[in-house]
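Spelled out, the chains give:
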4 protein chains.
Amino acid sequence: MKRLILSLFAVCSLWMANAQNPAWGPQSKVVTDSIYSTVLKTHRAYTIYLPQSYDKEVDRKYPILYLLHGMSGVNTSWFTDQRVKDVMDQLTASGEACEMIIVSPNAGGNPATCWNGYFNMPGWAYEDFFYKEFMPYIEKTYRVVGDRQHRAVAGLSMGGGGTTSYAQRYPDLYCAAYAMSALMNIPVSGEAAGKDPDPTNKVAVLTRSVQEHSCIKYVLEADEARKAALRTVQWFVDCGDDDFLLDRNIEFFQAMRNAGIPCQFRVRDGGHTGEYWHSALYMCLPFVSRCFER
Amino acid sequence: MKRLILSLFAVCSLWMANAQNPAWGPQSKVVTDSIYSTVLKTHRAYTIYLPQSYDKEVDRKYPILYLLHGMSGVNTSWFTDQRVKDVMDQLTASGEACEMIIVSPNAGGNPATCWNGYFNMPGWAYEDFFYKEFMPYIEKTYRVVGDRQHRAVAGLSMGGGGTTSYAQRYPDLYCAAYAMSALMNIPVSGEAAGKDPDPTNKVAVLTRSVQEHSCIKYVLEADEARKAALRTVQWFVDCGDDDFLLDRNIEFFQAMRNAGIPCQFRVRDGGHTGEYWHSALYMCLPFVSRCFER
Amino acid sequence: MKRLILSLFAVCSLWMANAQNPAWGPQSKVVTDSIYSTVLKTHRAYTIYLPQSYDKEVDRKYPILYLLHGMSGVNTSWFTDQRVKDVMDQLTASGEACEMIIVSPNAGGNPATCWNGYFNMPGWAYEDFFYKEFMPYIEKTYRVVGDRQHRAVAGLSMGGGGTTSYAQRYPDLYCAAYAMSALMNIPVSGEAAGKDPDPTNKVAVLTRSVQEHSCIKYVLEADEARKAALRTVQWFVDCGDDDFLLDRNIEFFQAMRNAGIPCQFRVRDGGHTGEYWHSALYMCLPFVSRCFER
Amino acid sequence: MKRLILSLFAVCSLWMANAQNPAWGPQSKVVTDSIYSTVLKTHRAYTIYLPQSYDKEVDRKYPILYLLHGMSGVNTSWFTDQRVKDVMDQLTASGEACEMIIVSPNAGGNPATCWNGYFNMPGWAYEDFFYKEFMPYIEKTYRVVGDRQHRAVAGLSMGGGGTTSYAQRYPDLYCAAYAMSALMNIPVSGEAAGKDPDPTNKVAVLTRSVQEHSCIKYVLEADEARKAALRTVQWFVDCGDDDFLLDRNIEFFQAMRNAGIPCQFRVRDGGHTGEYWHSALYMCLPFVSRCFER
């Protein structure tokens, strides 16, 4: 990435000397910082994208997208592996996405040694941290509009499950949810991983927390009030035809459709890969832009 | 990237224990190696992509794509910055691209201190190296079919100019050329950079070598024999609407069309950016696959 | 088309007897009607698309898109040849376009016998009709918001030139303009057609009217005040790489860029064909939807 | 369509007088003809696309695509409703599809009065007609290569079911099958339609014939020999997220994947509509082109 920037700089400085180029005006930026969590009793890092106009229009407030990484990922993964800044810069330049703040908190790391996951688990109340500490801190620290019509959530794999479950249980907070290759529930082949009762086995604890928050069951068991609440969110589910999580995503979509809750569904070419999630950004970012009230 | 692979491994080993997954069979691989050049009197590195079946089908020969990086780039740039392996693996899995070998030689580095460019320059006969040493070495060392109907060239920026000029002057070697954001000639705004006669100013030397190999002039000055030769190659030119090199690409396309040489031309959304070249691979790799004789 | 609808009806009535299907609720509709023009001293037909909610939400007002056909086309052409209703229904269902009214006036027919074109010509003041009679009538008769932030113009070929010239000279009326394969000026090969002074030669009269309203010249000659006005419109220019009008579109885009007026530019695969314009709707309708103030 | 052609002709003759335009050289053509069937004891119409070079290269043989319409459709439907000629001409011009013959037989009409369907039914042995009369006649009458590596089948809705079942039961005849919105089996909501034993109720007879040829059951019940045969065909299944047949297509894909038979699967935006099938041609025609041996 640095090499690329050097390359552009070299070419431009040498061969574009007198050309006016908006690329050399204010740029979007990506910042990594951290917050101390009293809930988790540790610092938690986050990485945040601030749009091009952020430093110039000092009174302007922006919509926000919470972007959730997958298992073993960390706060920087969406930026280094999926290059959300590059896609975002291009889509805002052409108007296909609107300027927004994008923030990715750290909910993971090596699953053998680190806590992973977006839900409350015995000894690790991540969801409490997210809603009681992280979201308030971000929306106070950065210029965020701060209402549900300007807040969305998206994520991949474990973060796609987090996305869906968060929007299901907090529909008053989000206007839109885009789930990629989502862990809607643990696949049948992985159910055994949850059976170890050892509370220090972090993968077992995570597996159970995903099962307890099954996004599919949440729809299948919905009464009319819950269905009505779910209809206030705009849903988009996107999963590759070679993804080992596809069947769970199909189950989720069928449950939504049968419950009369509008939900876009796409199966594109690909597996459970970084390239799939990168390309998904070209649909995700315009989608949430359309959902934000303007 | 390593993090991603770890992540996939973790998820799969935990939750897919008994699932059969072709992803764990033979994989494509990327190798970096080097060759000593007697022409250049130095070692030159290259990075090569070997397709999934390469190690299994030990008698099979493959078509080859020479993939040329831009100014300041090096042999690894297409792999780290544009992720050609990820795109290639997906497109071969779905059949949109055929299995091929892809090789990227080092023709650059920091332009202040390193030689850059694909042409012969005073003191740096890169083109001689490429045709007399590099191509023969690669096609002897790896299982390459080795005829023009199974050889193509593609590249970005300075490498897009190299692509076009190579296919123009060696049409007997390539069946197809795909140029991205190509330096078809130095833009007007950069012409001054070539005026320094100091032979140690590598940027000035490079600038003059590009001007001497203007891809536009080569078409404008073509007689009927040259036009006939150019028509034996399949051409594709792709440049962003915000690219500072767009006008040179337009001039090239118009010259080709007016000379009656079929040439695909696309102007997509974007500038002179890594993301543009990454997305171009989704058109480039199927295009060269179609051009290879099967 | 009728056959298709019958087919769907047959399948659905037989095999979906008890399934709830929103497709059988209120539908968008296409109506052809006419208005008497005192300017032109004749009736002029138009065809209008009313979105799905139009009849149900009886107090709601909608943004409007004026969609201009090409030479020899008539008011129904966008609906029969480019199937704007089918594309619009799909894009509104998925949220990629917002509900809007789309209207296509008749400005053509067989050029040997009918008046063609969007400009005032000796004996045929079409532009007067459009702005003094047609637009006021439509926006009074249908529930149109009626301000510039909810009004756009788009068109193909001769209608792409009309689109551009209208938005150039009435920037207070339109927030967005999308020109396809636009007749930005008569191509060099057609200039002779304008030289017949016979005032009954409708093609000669049309040719001269297009030359007088050259969209390229309008930008090249713009002073700062005009440039500022042009910057208030959002522009999109889209032309095929095999189109005989491509060079004029390139000239227009370069003039805009050089004048510092933001303009999206795309060159996609194709010629001056109905299929190109059909596929352009997938970009045009989301583009104008984004431009409308919501 | 005629209006479009007139329009292009007018523009080109007036404004392109001296320009050389390959569009005025040999064109592809669409012909409707018929064959007398002794099996069915009636004439059956078909519509056939002959590629651009067909009349010029009089010794050349072409690959062939059998393109099957849906219920209530007839032999012309793919040409009038889905405009296969327009898409094909564009894709062959850019090289994304290879030149091929495309033929669409009449297997339908108004289901209340006409026989419909691709299978043998009591009193209507359509499949016998197709394989014993139609295919031999077409491949003798037109210059078709005539082996499985140059023969493919595709279709929509009822014709998507026909496509799949034909390629399942005649894998020695086809190298590729592309099924759109396919009637893989009668959906649950339509099962009642098959219960009327009246042999003159053509819809009931059709419904039972589809159930008897369930594409899903055919895979679920496959032994190893059948699975091996199915793996010799390249499969592509494409169905909209709003299509009432989606669940049957999901069942089919899951059965294929679980049986270890490679199958591409896509769920795109849309319902059971003509526009969906039109857009599917942009994937279908390149897909079959790649599958043909070249």
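These figures come from a predicted structure and were not determined experimentally. (Residues numbered from 1 in each chain as written. Chains lettered and ligands numbered in written order. Predicted model: local features only at pLDDT ≥ 70, side-chain atom pairs only at ≥ 80, totals over all residues. Heavy atoms only, no water.)

Okay, the overall build of chain A next. Within chain A, the regular secondary structure consists of 10 helices and 10 strands. For chain A, whose C-alpha radius of gyration is 19 Å, the value lies close to the compact-globule estimate of 19 Å for 294 residues. The C-alpha extent of chain A, read off along each of the three principal axes, is 65 × 40 × 40 Å. When the 294 residues of chain A are sorted by exposure, 63% land in the buried category. Put simply, 75% of the contacts in chain A that link residues at least 6 apart link residues at least 24 apart. Surface exposure of chain A reaches about 10,800 Å², of which carbon and sulfur atoms provide 54%. Side chains of chain A give 29 positive and 31 negative charges; the mean places of these two sets differ by 3 Å. (Helix = DSSP H or I, 4+ residues; strand = E, 2+ residues; numbered from the N terminus. Rg over C-alpha atoms; globule rule 2.2 N^0.38 Å. Buried < 20%, exposed > 50% of the residue type's maximum accessible area, 1.4 Å probe, protein only. Contact = heavy atoms within 4.5 Å. Areas by Shrake-Rupley, 256 points an atom, 1.4 Å probe, with all protein chains shown as cover. Lys, Arg positive; Asp, Glu negative; His and termini not counted. Charge placed at Lys NZ, Arg CZ, Asp CG, Glu CD.)

Attention now goes to the nonpolar core. In terms of nonpolar packing, the biggest core is built from 135 residues, with B:Tyr66, B:Phe130, B:Tyr174, C:Tyr66, C:Phe130 and C:Tyr174 touching the most fellow members. If we ignore the near neighbours within four places in the chain, the residues touching B:Tyr66 are B:Val103, B:Phe130, B:Phe134, B:Met135, B:Ile138, B:Glu139, B:Arg151, B:Ala152, B:Val153, B:Ala154 and B:Tyr174. Of all hydrophobic cores here, the second largest spans 134 residues; its members include A:Val153, D:Leu183, D:Ala193 and D:Phe252. (Core = buried A, V, L, I, M, F, W, Y, C linked by side-chain atoms within 4.5 Å.)

All told, the structure shown has 56 salt bridges over all chains when counted by the stated rule. When the shortest N-O distance is used, the salt bridge between A:Asp247 and D:Arg257 registers 2.7 Å. With A:Asp247 in helix α9 (residues 246-258) and D:Arg257 in helix α9 (residues 246-258), this pair bridges two chains. Residue A:Asp247 is classed as partly exposed on the basis of its relative accessible area, which comes to 25%. Salt bridges linked by common partners bring A:Glu57, A:Arg60 and A:Glu99 together as one network. (Salt bridge = Lys/Arg side-chain N within 4 Å of Asp/Glu carboxyl O.)

Below, the discussion takes up the packing of aromatic side chains. Geometrically, a pair of aromatic rings is defined through the distance of the ring centres and the angle of the planes. Residue and element names in this part refer to chain D. Taken as a whole and assessed by the stated rule, the structure comprises 88 aromatic pairs over all chains. Summarising the aromatic geometry, the rings of Trp115 and Trp124 are spaced 5.7 Å apart at their centres and angled 5° between planes, so their arrangement reads as stacked. This pair shows no difference in class: Trp115 is buried, exactly as Trp124 is. When the ring centre of Trp115 is taken as origin, the NZ or CZ atom of Lys202, which lies over that ring, is 5.0 Å away. (Phe/Tyr/Trp six-rings, centres within 6.5 Å; stacked < 30°, edge-to-face > 60°. Lys NZ or Arg CZ within 6 Å of the ring centre and 35° of its normal.)

With that settled, consider unusual backbone geometry. Phi is positive for B:Ser157, which is not a glycine, with a value near 55°. Position of B:Ser157 among the secondary structure elements: in the loop between β7 (151-156) and α5 (158-169). For B:Ser157, a relative accessible area of 5% gives the class buried. Despite not being glycine, C:Lys41 has its phi angle at roughly 60°, a positive value. A relative accessible area of 65% means that C:Lys41 is categorised as exposed.

Moving on, we get to helix α6 (residues 202-212) of chain B. One full turn of an α-helix is made of 3.6 residues, so residues set three or four places apart face in the same direction. Taken residue by residue, α6(B) has B:Val203, B:Ala204, B:Val205, B:Leu206, B:Thr207, B:Ser209 and B:Val210 as its buried positions. A side-chain oxygen of the first residue of α6(B) lies 3.1 Å from the backbone nitrogen of B:Val203; this N-cap is B:Asn201. (Polar contact = N/O pair within 3.5 Å; in protein donor to acceptor, adjacent residues only side chain to side chain.)

It is worth spelling out the pairing of strand β9 (residues 234-240) of chain D at this point. Residue and element names in this part refer to chain D. The element β9 is largely enclosed, with a buried count of six among its seven residues. Here strand β8 (residues 176-180) runs beside β9; their pairing, made up of five bridges, is parallel. Bridge assignment links Tyr178 to a residue of β9, and that residue is Phe236. Here six bridges tie β9 to strand β10 (residues 263-268), and the two strands are oriented parallel to one another. In the sheet register, Gly240 faces β10, and the bridge partner there is Arg268. In this region the chain leaves β9, passes through α9 and returns to the parallel neighbour β10; the handedness of that crossover is right-handed. (Pairing = 2+ DSSP bridges. Right-handed = clockwise from strand over helix to strand, strands pointing away.)

The subject of this paragraph is the state of the cysteines. Per the counting criterion, the structure on display carries zero disulfides over all chains. With no disulfide of its own, C:Cys291 has C:Cys175 as its nearest cysteine by sulfur position, at a separation of 5.7 Å. Looking at the unpaired D:Cys215, the closest cysteine sulfur is the one in D:Cys263, lying at 11 Å. With a relative accessible area of 1%, D:Cys215 lands in the buried category. (Disulfide = S-S within 2.5 Å.)

Before going further, it helps to spend a moment on helix α9 (residues 246-258) of chain C. Between its first and last C-alpha, α9(C) extends 18 Å over 13 residues, near the 18 Å set by a 1.5 Å rise per residue. Residues of α9(C) that are buried: C:Leu246, C:Arg248, C:Asn249, C:Ile250, C:Phe252, C:Phe253, C:Gln254, C:Ala255 and C:Met256. Structurally, α9(C) contributes buried residues whose contacts are with α9 (246-258) of chain B together with α5 (158-169), α7 (215-220), β9 (234-240) and β10 (264-268) of chain C. (Expected span 1.5 Å × (residues − 1).)

What follows deals with the confidence of the model for chain A. Residues and elements named next belong to chain A. The pLDDT averaged across chain A works out to 92; a share of 92% of its residues lies at or above 70. Counting contacts from residues 1-8, a segment whose pLDDT is below 50, to residues more than four positions away or on other chains yields 17 contacts. Low pLDDT (under 50) marks residues 17-21, which in the prediction has three contacts with non-local residues, meaning those over four places away or in another chain. Across the interface, the model reports ipTM at 0.93; the global pTM reads 0.94. (pLDDT = per-residue confidence, 0-100.)

The next subject is the pairing of β8(D). Residue and element names in this part refer to chain D. Extensive coverage of β8 is indicated by the burial of five of its five residues. Residues Ala176, Tyr178 and Met180 point to one face of β8 and Ala177 and Ala179 to the other, with burial holding for every one of them. Two elements, strand β7 (residues 151-156) and β8, share five bridges in a ladder whose sense is parallel. Residue pairing for β8: Gly155 is matched across the bridge by Ala179. In this fold, β7 hands off to helix α5 (residues 158-169), which returns the chain to β8; that crossover is right-handed.

Next up on the list: the environment of B:Pro63. All names here are of chain B. Of note, Pro63 is situated in the loop between β2 (42-50) and β3 (64-68). Considering only alpha carbons, one finds Pro63 and Gly190, 127 residues apart in sequence, at a separation of 37 Å. Residues in contact with Pro63, not counting those within four places in the same chain, are Cys98, Glu99, Met100, Ile101, Val145, His150 and Phe292.

Let us look at the packing of helix α3 (residues 84-93) of chain A against helix α10 (residues 274-291) of chain A. Pairs of packed helices are described in terms of their axes, by the angle between the two and the distance that separates them. All names here are of chain A. Relative to each other, α3 and α10 sit at 45°, their axes nearing to 10 Å. Relative to α10, the element α3 is oriented oblique. By crossing handedness, the relation of α3 to α10 is classed as right-handed. Residue-level inspection shows Val84, Val87, Met88, Gln90 and Leu91 of α3 in contact with α10, the latter providing His278, Leu281, Tyr282, Leu285 and Pro286. Taken together, the residues of the contact of α3 with α10 sort by class into eight nonpolar, two polar and no charged. (Axes fitted to C-alpha atoms, helices over the stretch in contact; angles between N-to-C directions. Parallel < 35°, antiparallel > 145°, perpendicular 65-115°, else oblique. Left-handed = near helix turned anticlockwise from the far one by under 90°. Nonpolar A, V, L, I, M, F, W, Y, C, P; charged D, E, K, R; others polar.)

All names here are of chain C. As for its placement among the helices and strands, Phe79 is situated in helix α2 (residues 77-80). The spacing of Phe79 and Ser104 is 25 residues in sequence and 8.9 Å in space, taken between C-alpha atoms. The contact partners of Phe79, leaving out residues within four places of it in the chain, are Val30, Thr47, Ile48, Tyr49, Val84, Ile102 and Ser104.

Looking now at the side chain of D:Ser94. With respect to the helices, strands and loops of the structure, D:Ser94 is situated in the loop between α3 (84-93) and β4 (101-105). With sequence-adjacent residues up to four places away left out, D:Ser94 is seen in contact with B:Gln264, B:Arg266, B:Arg290 and C:Asp269.

For the rest of this paragraph, the subject is the environment of C:Asp81. Residue and element names in this part refer to chain C. Along the chain, Asp81 turns up in the loop between α2 and α3 (84-93). For Asp81, a relative accessible area of 9% puts it in the buried group. Looking at Asp81, its side chain comes within polar contact range of the side chain of Thr80, at 3.4 Å.

What follows covers the side chain of D:Ser289. Residue and element names in this part refer to chain D. Mapping Ser289 onto the fold places it in helix α10 (residues 274-291). Under the relative-accessibility criterion, Ser289 is labelled buried at 2%. Of note is the side chain of Ser289, whose polar atom sits 2.9 Å from the backbone nitrogen of Cys98. Every residue in contact with Ser289, bar those within four places of it in the chain, is listed here: Glu96, Ala97, Cys98, Met100 and Arg294.

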